[in-house]
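Each chain, letter by letter, is given below.
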Amino acid sequence: MTRLISRRALTAGAIALVVFATTGAPARAAAPASSAANLTNPIALQRADPHVFKHTDGFYYFTATVPAYDKIVMRRATTLQGLATAPETTIWTKHASGEMGAHIWAPEIHFIDGKWYVYFSAGSAGDKWKIRMYALESSAANPLTGPWAEKGRITTNWDSWSLDHTTFVNNGTRYLVWAQSNPSGPGGIYLAKMSNPWTITGEQVRLSTPEFAWEKQGFDVNEGPAVLQKNGKVFVTYSASATDANYCLGMLTADATADLTDPGSWTKSTEPVFKSNDATGQYGPGHNSFAVSEDGKSDILVYHDRNYKDITGDPLNDPNRRTRFQKIYWNADGMPNFGIPVADGVTPVRFSSYNFPDRYIRHEGFRAKTQANVTNLADSQFRVVPGLAGTGTVSLESANFPGYYLRHNNFEVWVEKNDGTILFRNDASFTQRAGLADSVDGISFESYNFPGRYIRHYNNLLYVQPVSTTLDRQDATYYAE
């Protein structure tokens, strides 16, 4: 099928239209924002090392480290946001003596072969720093009610500090991945095959050890591995450096068809993939896990951080790590893009073009435009907040420049800082309408102070212009993702 597309050129006093033919229709634009783009952070105060599991019973199960390091707690809800207010149950408490008597850290909840398993790390009541890995098992339909049986210590190839274990299946084989010190050499992130959910088999192999400067701030640390499988790849994120503002995420990548027990199958990121951000006021993001949105279409990053930078004393004694959620986006090359830890409050979204589905609204040099493959993700993320002008409007706040908003200036759309004036508030406020080219799933933004003018792309730049033609309406329609 042949369709006509208008390419425009702005002149000093008029718009010239050049029409040319092309073949093929554009791909269907992405669906509107799911619940993944409607989250509000933080999810849980004083809950570190968070882990979320979505089960087939329709519930999300959430567990995390508590500040007293003395028990394992769990909550469940049918939505991700619902976990923020769900009641919490203590499912297990530390021993009064011996093993599992101190430093109850980093619990995870898994459902394996018809049973529930909780993995956690613990010290001894007599030596809280003798950290080892343990497992609990339950056959209950609802893991909050138990009962739980202790499966004991997960034994590795040598007895040393070990923690933060998680499990996954690839090509029919179950693996354990964890952090451990090595008495005869560098420690780091290790992987081994499993014969059952609490037993490894064969040789454990080291996938990563601290080597870059960003892995050695405060302490040399590789810990907290988490697994994400997609696009024919296995991704293992891990946390690095001290548990203060230096804490950050690195990532290992392997082909899903590779021998995962061969360290040569893995590629390590040379820079952090997720780190502190002064602009958004988020510090020390790390020890993450992964979840999926209610509609199953979006991957969710689950992690902890603090909303302040300076800590007095040992960061482990500071109780204020908070659990947070945000959507993961994917680059054109199939790699995950975590962006930045976004500001507290409603999470941002991206807006893809109706007629150019691979292009997103973004700012570059503070000029608003549409562009494909925006790898600096936060440039293309905006928080939809109550309109600065009020009266039922919305404003679009930059994710990486909080306090800056999309506003029109001489009908060009820029990202600019709110100067507090009535003119700015009016210029930065829009009435959100059903999409002019797709009233079911699409969104259009009509200027508050110039009704009849809409945000639309024009030679990839954004303007506030009147719309009259079919093409105009397409250019002024977007999908929230």
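Residues numbered from 1 in each chain as written. Predicted model: local features only at pLDDT ≥ 70, side-chain atom pairs only at ≥ 80, totals over all residues. Heavy atoms only, no water.

(A) Spotlight on the sheet that holds strand β12 (residues 162-170). With antiparallel pairing, four strands are arranged side by side in an open sheet as β12-β13-β14-β15. The two strands at the open ends of the sheet, each matched to only one other strand, are β12 and β15 (199-208). Adjacent strand axes in the sheet meet at a mean angle of 25°, parallel and antiparallel pairs treated alike. In this structure, strand β13 (residues 173-182) lies alongside strand β14 (residues 185-196), joined through seven bridges in antiparallel fashion. Following the sheet pairing, Y175 is matched in β14 by K193. (Pairing = 2+ DSSP bridges. Helix = DSSP H or I, 4+ residues; strand = E, 2+ residues; numbered from the N terminus. Axes fitted to C-alpha atoms, helices over the stretch in contact; angles between N-to-C directions.)

(B) Local environment of the confidence of the model for the protein. The share of residues in the protein with pLDDT of 70 or more is 92%, and the mean pLDDT across the chain is 93. In this model residues 1-34 is a low-confidence stretch, pLDDT under 50, and it forms 72 contacts with partners more than four residues away in sequence or in other chains. (pLDDT = per-residue confidence, 0-100. Contact = heavy atoms within 4.5 Å.)

(C) Spotlight on the pattern of salt bridges. For the structure on display, the rule yields 25 salt bridges. A salt bridge links R306 to D318, with the shortest nitrogen-to-oxygen separation between them at 3.0 Å. Here D318 lies in the loop between β21 (299-306) and β22 (322-327) and R306 lies in strand β21, a separation of twelve residues in the sequence. Both residues of the pair, R306 and D318, belong to the buried class. Note that D344 and R322 form a salt bridge whose closest N and O atoms lie 3.0 Å from each other. Note that D344 is positioned in the loop between β24 (336-337) and β25 (345-346) and R322 in strand β22, a separation of 22 residues in sequence. (Salt bridge = Lys/Arg side-chain N within 4 Å of Asp/Glu carboxyl O. Buried < 20%, exposed > 50% of the residue type's maximum accessible area, 1.4 Å probe, protein only.)

(D) The arrangement of unusual backbone geometry in detail. That bond from N41 to P42 is cis: its omega, 0°, falls within 30 degrees of zero. Mapped onto the elements of the fold, P42 is located in the loop between β3 (40-41) and β4 (48-54). For A106, which is not glycine, the phi torsion reads 50° and is therefore positive. Accessibility expressed as a relative area gives 4% for A106, which makes it buried. In this structure, N373 takes a positive phi of about 50° despite not being glycine.

(E) A look at the packing of aromatic side chains. Enumeration over the complete set of coordinates arrives at 28 aromatic pairs. Pairing F53 with W116 gives two aromatic rings, centres 5.8 Å apart and planes at 85°, and the pair type is edge-to-face. A residue pair is termed long-range when its members are at least 10 positions apart, and F53 in strand β4 and W116 in strand β9 (residues 115-123) qualify at 63 residues. Like F53, the residue W116 is buried in the burial classification. Measuring from ring centre to ring centre gives 5.0 Å for F411 and F450, while their planes differ by 80°; the resulting arrangement is edge-to-face. Here F411, found in the loop between β31 (404-409) and β32 (412-417), pairs with F450, found in the loop between β34 (443-447) and β35 (453-458); they are 39 residues apart in sequence, far enough to count as distant. Just above the ring of F356 sits the side chain of R359; from NZ or CZ to the centre is 4.1 Å. (Phe/Tyr/Trp six-rings, centres within 6.5 Å; stacked < 30°, edge-to-face > 60°. Lys NZ or Arg CZ within 6 Å of the ring centre and 35° of its normal.)

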